[in-house]
Amino acid sequence: ETGVTQSPTHLIKTRGQQVTLRCSSQSGHNTVSWYQQALGQGPQFIFQYYREEENGRGNFPPRFSGLQFPNYSSELNVNALELDDSALYLCASSFGLAVTDTQYFGPGTRLTVL
Amino acid sequence: AQSVTQLDSHVSVSEGTPVLLRCNYSSSYSPSLFWYVQHPNKGLQLLLKYTSAATLVKGINGFEAEFKKSETSFHLTKPSAHMSDAAEYFCVVSDGYSSASKIIFGSGTRLSIRP
């Protein structure tokens, strides 16, 4: 059973640029959630995709967008990068939408915005 | 509105001694509560979860937590610390059915283990 993988591991961008982060969900999982973890803080929920549709969204502006593909892998896109977007971005996959369904997290992508 | 407070940002214990990581929550409904562990350069891993069944929840690696509604607490304990327990621990609360609804992570507690 393959776990959740994310790419790239690290990324450096400059303010105003756009970035795409990728996540491959665990085999058999149809739900992917994205989180932003700023340094020294707990993760914050960005949004969730279920069977290629956005299922819920946290308090993040529209320049944060995503996609889920038929194989349930997912992308997080961030436009017009700001310095405060520097963070660890985590994706988590699960089988189902219930909060009690265990989410399996990837190791994250560390984004630095200069 | 729901919230979660981890009362200690850093806890240091000696190897072989008990671990106590404290978590208080606030929720309008019957919450689901979780503890996750994050080792450096690794993803978050679920330790245990409470979902309105037994109030004493046993998790992996010898950890357990007790849901106390009267105290709005969900403290994480382990009888004997091991060096491999050194990591960041997060308490999480959710009062919705869907995993997309109002999942709130605490700010984390860093656990250090002294030899």
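Structure: above.
Residues numbered from 1 in each chain as written. Chains lettered and ligands numbered in written order. Predicted model: local features only at pLDDT ≥ 70, side-chain atom pairs only at ≥ 80, totals over all residues. Heavy atoms only, no water.

Before going further, it helps to spend a moment on unusual backbone geometry. Residues and elements named next belong to chain A. The peptide bond linking serine 7 to proline 8 adopts the cis configuration, its omega dihedral lying at -10°. Structurally, the position occupied by proline 8 is in the loop between strand E1 (5–7) and strand E2 (10–13). In this structure, tyrosine 72 takes a positive phi of about 75° despite not being glycine. On the secondary structure map, tyrosine 72 appears in the loop between strand E7 (64–68) and strand E8 (74–78). (Helix = DSSP H or I, 4+ residues; strand = E, 2+ residues; numbered from the N terminus.)

For the rest of this paragraph, the subject is the side chain of aspartate 85 of chain A. Residues and elements named next belong to chain A. Mapped onto the elements of the fold, aspartate 85 is located in the loop between E8 and strand E9 (87–94). Judged by relative accessible area, aspartate 85 falls into the buried class, the value being 3%. A distance of 2.8 Å separates the side chain of aspartate 85 from the side chain of arginine 63, its partner in a polar contact. Apart from residues lying up to four places away in sequence, aspartate 85 is in contact with Gln36, Arg63, Phe64, Val78, Ala80, Leu111 and Val113. (Buried < 20%, exposed > 50% of the residue type's maximum accessible area, 1.4 Å probe, protein only. Polar contact = N/O pair within 3.5 Å; in protein donor to acceptor, adjacent residues only side chain to side chain. Contact = heavy atoms within 4.5 Å.)

Moving on, we get to the pattern of salt bridges. Residue and element names in this part refer to chain A. Applying the stated criterion to the full structure yields seven salt bridges over all chains. Here glutamate 54 and arginine 57 are joined by a salt bridge, their closest N and O atoms 3.5 Å apart. Looking at glutamate 54, the relative accessible area reads 40%, which means it is partly exposed. Here the salt bridges share partners, and the residues they tie into one network are Arg63, Glu82 and Asp85. (Salt bridge = Lys/Arg side-chain N within 4 Å of Asp/Glu carboxyl O.)

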